[in-house]
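Listed below, chain by chain, are the residues.
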Amino acid sequence: MSQKKENQWLKNFPLIAGVIGGFLLMINRLTTVTVLDSQARSDALGVILCAALLLTSVLMRQINPNPPESVTLKGKEEFFLVQDLSSNIKTELAWASHLILTNTVTKSIIIYYQGKTLLRRGILGEMDEFKVGSIVKRVMETQKPVYLVDLKHYPGKIEFDYFPSNIQGLICFPLNRDGVLMVATNIPRSYTKQDETWIQGISEKIALELESCAILS
């Protein structure tokens with residue numbers, strides 16, 4: 001038996017024991033013609049124990065909830081880097097995207113700046129064209145990142161058709177007011193606060209590099 005199945009069995013054991021114990025107590029009471037005081041006290045104790053087991057099961061599920069499950073993204077592996085960039089900027093974007101892909105749950109990255117898609121890397125959707133939707137526009141205007149933790153519950157996910165159709169979560173970071181760095185994952189609610197802070201630091205560095213080099217006039 002795998003470790004995962006063992007943990008699942010241990011988590012479900014109090015619930016199973018409580019349900020079976022309560023059922024047996026009920027059968028015993030219904031089939032008893034004369035209920036003695038001693039049996040009534042035993043039944044009351046049994047009910048308390050069954051309730052304690054059920055309560056323990058509920059508390060265990062709240063303390064150790066089942067982690068979100070990953071999905072296999074519907075897309076193709078790509079690495080596109082626009083050619084009319086300086087070698088320094090190309091190296092910066094390639095290295096930054098590599099770090100994010102290998103050190104976080106990120107599966108897809110897009111960098112959009114001054115009307116051009118500078119980089120597309122990871123598992124991506126069929127649409128190559130980047131469209132500035134309402135979320136991206138808001139991020140560039142407010143200069144604040146947006147984290148969509150569980151996209152399957154977000155009706156406006158069609159805005160992100162340049163990512164795989166079944167992405168589970170994404171974060172959009174501003175690159176000044178000229179663009180965005182977007183990361184997407186195959187696991188809902190999987191980016192930690194540390195991930196957000198770290199990727200935001202990388203996006204701010206990229207924004208400074210792009211602005212200082214004035215690569216796109």
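This write-up is about the structure you can find in this document. (Residues numbered from 1 in each chain as written. Predicted model: local features only at pLDDT ≥ 70, side-chain atom pairs only at ≥ 80, totals over all residues. Heavy atoms only, no water.)

In this section: the overall build of the protein chain. Each helix and strand in the protein chain was counted, giving 5 helices and 6 strands. Within the protein chain, the proportion of its 217 residues that are buried is 37%. Partitioning the contacts of the protein chain with sequence separation of at least 6, the portion at a separation of at least 24 is 65%. (Helix = DSSP H or I, 4+ residues; strand = E, 2+ residues; numbered from the N terminus. Buried < 20%, exposed > 50% of the residue type's maximum accessible area, 1.4 Å probe, protein only. Contact = heavy atoms within 4.5 Å.)

Here we take up a nonpolar patch on the surface. A cluster of nonpolar side chains, namely Ile 16, Ile 20 and Leu 24, defines an oily patch on the protein surface of about 270 Å² accessible area. Assignment of secondary structure puts Ile 20 in helix 1 (residues 3-30). The partly exposed category is assigned to Ile 20, whose relative accessible area is 47%. (Patch = residues over 30% accessible without salt bridge, like charges linked within 9 Å, V, L, I, M, F, W, Y side chains within 5 Å. Areas by Shrake-Rupley, 256 points an atom, 1.4 Å probe, with all protein chains shown as cover. Salt bridge = Lys/Arg side-chain N within 4 Å of Asp/Glu carboxyl O.)

Further remarks concern the pattern of salt bridges. Per the stated rule, a full pass over the model turns up 7 salt bridges. Across the pair Glu 209 and Lys 205 runs a salt bridge, and its minimum N-O distance is 3.9 Å. Remark: Lys 205 and Glu 209 occur in helix 5 (residues 193-213); sequence separation between them is 4 residues, near one turn of the helix. For Glu 209, a relative accessible area of 28% puts it in the partly exposed group. For Lys 205, a relative accessible area of 42% gives the class partly exposed.

With that settled, the discussion passes to the sheet that holds strand 5 (residues 169-175). Taken in spatial order, the 6 strands of this open sheet run 1-3-2-6-5-4, and their pairing is antiparallel. Every interior strand has two partners, whereas the edge strands, strand 1 (76-81) and strand 4 (146-148), have only one. Averaged over all pairs of adjacent strands, the angle between their axes in this sheet comes to 15°, without regard to strand direction. Taken together, the 3 bridges between strand 4 and strand 5 define a ladder with antiparallel strand orientation. Residue Leu 148 lies in a different strand from strand 5, and its bridge partner there is Leu 170. (Pairing = 2+ DSSP bridges. Axes fitted to C-alpha atoms, helices over the stretch in contact; angles between N-to-C directions.)

Bringing unusual backbone geometry into the picture now. At Gln 114, a position not held by glycine, the phi torsion is positive, near 50°. One can find Gln 114 in the loop between strand 2 (106-113) and strand 3 (116-124). Among the residues examined, Gln 114 registers a relative accessible area of 34% and is labelled partly exposed.

In the contact formed by helix 3 (residues 87-103) and helix 5, the axes pass within 11 Å of each other and the chain directions differ by 170°. Comparing their axes, helix 5 and helix 3 come out roughly antiparallel. Between helix 3, through Ile 89, Glu 92, Leu 93, Ala 96, Leu 99, Ile 100 and Asn 103, and helix 5, the contact on the second element is made entirely by Trp 198, Ile 199, Ile 202, Lys 205, Ile 206, Glu 209, Leu 210 and Cys 213. Along the lines of polarity and charge, the residues of the contact of helix 3 with helix 5 split into 11 nonpolar, 1 polar and 3 charged. (Parallel < 35°, antiparallel > 145°, perpendicular 65-115°, else oblique. Nonpolar A, V, L, I, M, F, W, Y, C, P; charged D, E, K, R; others polar.)

Ranked by size, the top nonpolar core spans 23 residues in total, and within it Leu 93, Ile 111, Leu 118, Leu 175, Leu 181, Val 183 and Ile 206 carry the most contacts. Looking at this core, the elements that each hand over two or more residues are helix 3, strand 2, strand 3, strand 5, strand 6 (179-185) and helix 5. Core analysis: the second largest hydrophobic core is formed by 21 residues, Leu 73, Leu 151, Tyr 162 and Met 182 among them. (Core = buried A, V, L, I, M, F, W, Y, C linked by side-chain atoms within 4.5 Å.)

This part is about helix 5. With 21 residues, helix 5 extends 30 Å between its outermost C-alpha atoms, agreeing within 8% with the 30 Å of an ideal straight helix rising 1.5 Å per residue. Along helix 5, the positions that sit buried rather than exposed are Asp 195, Glu 196, Ile 199, Ile 202, Ser 203, Ile 206, Ala 207 and Leu 210. Buried positions in helix 5, seen along its axis, are confined to an arc of 145° and lie on one side of it. Exposed side of helix 5, more than 90 degrees from the buried face: Lys 193, Gln 194, Thr 197, Leu 208 and Ser 212 are the residues found there. (Expected span 1.5 Å × (residues − 1). Arc of directions from axis to C-beta.)

For the rest of this paragraph, the subject is the packing of aromatic side chains. Counted by the stated rule, this structure contains 5 aromatic pairs. Arranged with centres 4.4 Å apart and planes meeting at 20°, the rings of Tyr 112 and Phe 130 form a pair that is stacked. One end of the pair, Tyr 112, is in strand 2; the other, Phe 130, is in the loop between strand 3 and helix 4 (134-142), and 18 residues separate them in sequence. Under the relative-accessibility criterion, Tyr 112 is labelled buried at 11%. Following the ring pairs from residue to residue traces out a cluster consisting of Tyr 112, Phe 130, Phe 160, Tyr 162 and Phe 163. Looking at Arg 121, its charged tip hangs above the ring of Phe 79, at a distance of 4.1 Å from the centre. (Phe/Tyr/Trp six-rings, centres within 6.5 Å; stacked < 30°, edge-to-face > 60°. Lys NZ or Arg CZ within 6 Å of the ring centre and 35° of its normal.)

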